[in-house]
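# Analysis of the macromolecular model
Okay, here's what each chain looks like letter by letter:
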Amino acid sequence: MEFYCEPCETAMCLECTEGEHREHETVPLRDVLEQHKAALKDQLDAIRNRLPQLTTAIELVNEISRQLTERKNEAVHEIGSAFEGLERALHQRKAELVTDLESICSAKQKVLQAQLAVLLQGREHIQSSCSFTEQALSHGSATEVLLVRKQMSERVSALARHEFPEQAHENAHLDCLVETEGLRRSIQNLGVLLTTAAVGYTSVAAGEGLRHALVGQPATVTVTTKDKEGELVRTGNAELRAELLGPDGVCVEAEVTDNKNGTYEVGYTLRAEGEYSFSLLLYGRPVRGSPFRLRAVRPSDVPPSPDDVKRRVKSPSGSGGHVRQKAVRRPSSMYSTSKKKENPIEDELIFRVGGSRWCRHPRNISLRGRWNSRLFALDDVMCVRPLSCCVVDAGTRGREKGEFTNLQGISATSNGRVVVADSNNQCIQVFSNDGQFKLRFGVRGRSPGQLQRPTGVTVDTNGDIIVADYDNKWVSIFTSDGKFKNKIGAGRLMGPKGVAVDRNGHIITVDNKACCVFIFQPNGKLVTKFGAKGTSDRQFTGKE
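Remember, predicted model here, so these are calculated numbers, not experimental data.

This part is about the overall build of the protein. Each helix and strand in the protein was counted, giving 5 helices and 35 strands. A fraction of 57% describes how many contacts in the protein between residues 6 or more apart in sequence connect residues 24 or more apart. Of the roughly 31,100 Å² of accessible surface on the protein, a fraction of 48% belongs to carbon and sulfur atoms.

In structure tokens, the structure reads:
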């Protein structure tokens with residue numbers, strides 16, 4: 001074995017160079033030995049650097065597992081102490097609680113032990129690969145090293161690319177809440193086990209108070225808890241702690257309010273301006289993005305909104321009345337041209353539901369789910385996809401099913417249906433992805449569940465249809481089949497026009513009259529709002 005075939009990556013003898021490898025490029029074995037040794041050493045260094053991270057992750061998971069066991073043992077002891085005086089009456093319920101406790105702990109331990117097994121196996125594989133490769137490099141002959149180089153390189157490369165679960169997949173939260181009053185009246189339902197699947201690295205925080213605050217004025221932040229898969233946790237009782245560290249190193253107290261639905265309100269009031277470090281810890285682990293950099297300024301340093309200054313143009317007579325100014329035509333864009341476009345519309349019309357060939361007054365667009373590559377535009381309902389031909393053309397102006405008079409909003413469901421808000425018909429209509437009418441709902445009126453002027457529509461992750469009602473000054477929520485569920489924003493909104501839903505389930509609506517954007521939880525609780533009337537940054541100019 002004195003030669004090396006580079007295309008085949010193998011060592012060979014002189015006879016083989018004249019046989020099956022005669023057309024391959026071969027070099028003396030000693031010429032490539034050091035080159036491949038150096039490459040293997042570089043790969044070893046790369047994966048060896050991951051060992052401290054895995055060790056830290058193993059220690060973290062072991063610690064959470066230990067705490068979970070301790071909490072379980074403490075809960076078992078509390079359950080036993082609470083039931084001692086009522087042994088005969090509570091024996092059956094006690095057994096149920098202990099069984100449930102063991103089941104929850106077992107489920108959590110199963111997750112942790114599965115993660116621990118992967119981490120331990122990963123560490124063992126890396127250590128064994130390092131040991132084997134080092135032995136080969138240190139004590140193996142040149143032939144032996146090159147014979148096993150390919151296998152070693154593939155193994156080391158695979159370990160270097162492999163993603164190990166270094167963040168704990170569970171928490172050690174496991175408590176038991178036991179009450180002693182009215183036991184004989186509620187013995188069948190006595191005892192509640194408190195736990196969540198929430199973890200810090202997937203949970204998120206939102207709100208204006210996350211980055212900015214005014215000195216002396218209360219600020220709030222909403223924390224939404226999620227499990228290891230990134231799914232929303234819809235129960236409360238998680239251990240959330242907020243830490244605000246000021247520029248002088250002094251901690252500022254923050255109050256955490258549990259909304260009992262998986263979200264938490266963190267409120268605080270800063271007494272001094274400057275830069276703050278804002279940490280949000282869920283079970284002692286930071287939520288995504290924590291710690292945050294928070295800047296506090298004095299209210300006097302914030303420029304006043306144009307709404308705070310009343311602008312009046314006095315008449316020449318000095319009466320102090322307003323002067324109606326004559327409308328002036330807006331100048332054409334600097335990029336406009338009088339040259340006629342050779343191909344003004346280069347996109348294909350997939351289908352259209354409506355009366356005119358092209359949209360005269362497009363109102364809104366929406367992209368969602370199966371409609372990712374398509375664009376909806378409203379005066380009529382049109383669907384455009386790049387570069388093809390007209391597939392469907394249906395619909396007309398009117399007040400019957402499948403007809404429109406004043407289209408204002410549009411959205412699409414995850415299963416590809418098109419949802420349209422018709423303002424003058426005071427209704428919502430639903431179509432299939434090929435333009436076939438499926439559903440119409442909405443009754444004109446100003447009571448909850450009725451529509452007066454629907455101007456915006458969207459669909460949330462549960463399939464519920466959310467409608468912005470401009471004249472009723474609220475946002476209505478309907479099921480996918482048109483049954484009214486709830487209304488939000490009443491008393492806050494002045495003229496909601498558009499509405500959307502983010503990945504956390506927050507309902508976002510733009511208020512045309514207030515020139516403001518509102519963000520609500522699905523239950524109607526206000527998360528934050530921003531914007532004011534004007535032309536500066538963070539300001540809007542509304543138009544009814």
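With 41 residues, the main nonpolar core has Leu119 and Ile126 as its most contacted residues. Every element with two or more residues in this core is listed here: helix H2 (29-48), helix H3 (51-83), helix H4 (87-139) and helix H5 (142-161). With 27 residues, the next largest nonpolar core counts Val221, Val233, Leu240 and Ala242 among its residues.

Most of strand S6 (residues 199-206) is tucked away: 6 of the 8 residues are buried. Bridge analysis of S6 against strand S8 (residues 219-226) gives 4 bridges, and the strand direction is antiparallel. Directly across from valine 204, in S8, lies its bridge partner threonine 224.

There is a patch of like positive charges on the surface, built from Arg397, Arg399, Arg444, Arg446, Lys473 and Lys513. Mapped onto the elements, arginine 444 comes out in the loop between strand S25 (437-441) and strand S26 (454-459). Note on arginine 444: relative accessible area 58%, which makes it exposed.

A word on the pattern of salt bridges. A complete count under the given rule lists 17 salt bridges for this structure. With its nearest N and O atoms 3.5 Å apart, the salt bridge here joins glutamate 239 to arginine 71. Of this pair, glutamate 239 sits in the loop between S8 and strand S9 (240-245) while arginine 71 sits in helix H3, and the two are 168 residues apart along the sequence. By relative accessible area, which is 24% here, arginine 71 ends up partly exposed. Residues joined in a network through salt bridges with shared partners are Asp45, Arg48 and Glu134.

Counted by the stated rule, this structure contains 6 aromatic pairs. With a centroid separation of 5.0 Å and an interplanar angle of 50°, the aromatic rings of phenylalanine 441 and phenylalanine 478 are classed as tilted. Here phenylalanine 478 lies in strand S28 (residues 474-478) and phenylalanine 441 lies in strand S25, a separation of 37 residues in the sequence. We classify phenylalanine 478 as buried; its relative accessible area is 2%. Consider the rings of phenylalanine 518 and phenylalanine 520, whose centres lie 6.0 Å apart with planes at 10°: the pair is stacked. Each member of the pair, phenylalanine 518 as well as phenylalanine 520, is classed as buried.

This part covers the sheet that holds strand S32 (residues 516-520). For sheets, the rule is that strands pair by backbone hydrogen bonds, running either parallel or antiparallel. In spatial order, the strands read S30-S31-S32-S33; together these 4 strands make up an open sheet with antiparallel pairing. With one partner strand each, in any of the chains shown, strand S30 (496-501) and strand S33 (526-530) form the two edges of the open sheet. Between one strand axis and the next, the sheet turns by 20° as a mean value, whatever way the strands run. Here S30 runs beside strand S31 (residues 507-511); their pairing, made up of 5 bridges, is antiparallel. Bridge assignment links valine 499 to a residue of S31, and that residue is threonine 509.

For phenylalanine 484, the location among the structural elements is in strand S29 (residues 484-488). When near neighbours in sequence (up to four residues on either side) are disregarded, phenylalanine 484 contacts Pro448, Gly449, Ser476, Ile477 and Phe478.

A few words on the sheet that holds strand S11 (residues 255-258). One open sheet accounts for 4 strands, arranged S6-S8-S12-S11; its pairing is antiparallel. Looking at the sheet topology across the chains shown, the edges are occupied by S6 and S11. Put simply, the sheet's adjacent strands are angled 30° from each other on average, direction ignored. Where S8 lies against strand S12 (residues 263-268), 6 bridges are found, and the strand directions are antiparallel. Along S12, the bridge assignment pairs valine 223 with tyrosine 264.

With an omega dihedral of 0°, the bond running from serine 290 to proline 291 counts as a cis peptide bond. Relative to the assigned elements, proline 291 resides in the loop between strand S14 (285-286) and strand S15 (292-297). Unusually for a residue other than glycine, lysine 473 sits at a positive phi of about 60°. Mapping lysine 473 onto the fold places it in the loop between strand S27 (465-469) and S28. Classification of lysine 473 as partly exposed rests on a relative accessible area of 39%. Although it is not a glycine, cysteine 515 adopts a positive phi angle of roughly 55°. Note on placement: cysteine 515 falls in the loop between S31 and S32. A relative accessible area of 4% means that cysteine 515 is categorised as buried.

All right, on to the side chain of glutamine 521 then. Residue placement: glutamine 521 occurs in the loop between S32 and S33. For glutamine 521, a relative accessible area of 2% puts it in the buried group. If near-sequence neighbours (up to four positions away) are discounted, glutamine 521 is found in contact with Thr222, Asn259, Asn261, Thr263, Glu265, Ile488, His506 and Val527.

Below, the discussion takes up the packing of H2 against H5. Contact geometry of H2 with H5 gives a least axis separation of 10 Å together with a crossing angle of 30°. The orientation of H2 with respect to H5, classified from their angle, is roughly parallel. Like other packed secondary-structure pairs, H2 and H5 cross with a definite hand, here left-handed. For the pair H2 and H5, the contacting residues are Leu29, Leu33, His36, Leu40, Gln43, Leu44 and Ile47 in the first and Ala142, Thr143, Val145, Leu146, Arg149, Met152, Ser153, Val156, Ser157, Leu159 and Ala160 in the second.

Per-chain confidence: the protein averages 79 in pLDDT, with 79% of residues scoring 70 or above. Per-element averaging of pLDDT across the protein places strand S19 (residues 392-394) at the bottom with 40 and S27 at the top with 96. Note on residues 309-350: pLDDT under 50 across the span, and 41 contacts to partners over four residues away in sequence or across chains. Note on residues 367-394: pLDDT under 50 across the span, and 117 contacts to partners over four residues away in sequence or across chains.

Another aspect to go through is H5. Taking 1.5 Å per residue, 20 residues should reach 28 Å; H5 reaches 27 Å between its end C-alpha atoms and fits that length. The axis of H5 is deflected most strongly, by about 50°, at arginine 149.

How each quantity is defined
- Residues numbered from 1 in each chain as written.
- Predicted model: local features only at pLDDT ≥ 70, side-chain atom pairs only at ≥ 80, totals over all residues.
- Heavy atoms only, no water.
- Helix = DSSP H or I, 4+ residues; strand = E, 2+ residues; numbered from the N terminus.
- Contact = heavy atoms within 4.5 Å.
- Areas by Shrake-Rupley, 256 points an atom, 1.4 Å probe, with all protein chains shown as cover.
- Core = buried A, V, L, I, M, F, W, Y, C linked by side-chain atoms within 4.5 Å.
- Buried < 20%, exposed > 50% of the residue type's maximum accessible area, 1.4 Å probe, protein only.
- Pairing = 2+ DSSP bridges.
- Patch = residues over 30% accessible without salt bridge, like charges linked within 9 Å, V, L, I, M, F, W, Y side chains within 5 Å.
- Salt bridge = Lys/Arg side-chain N within 4 Å of Asp/Glu carboxyl O.
- Lys, Arg positive; Asp, Glu negative; His and termini not counted.
- Charge placed at Lys NZ, Arg CZ, Asp CG, Glu CD.
- Phe/Tyr/Trp six-rings, centres within 6.5 Å; stacked < 30°, edge-to-face > 60°.
- Axes fitted to C-alpha atoms, helices over the stretch in contact; angles between N-to-C directions.
- Parallel < 35°, antiparallel > 145°, perpendicular 65-115°, else oblique.
- Left-handed = near helix turned anticlockwise from the far one by under 90°.
- pLDDT = per-residue confidence, 0-100.
- Expected span 1.5 Å × (residues − 1).
- Bend = angle between axes of the 7 residues up to and from the residue.

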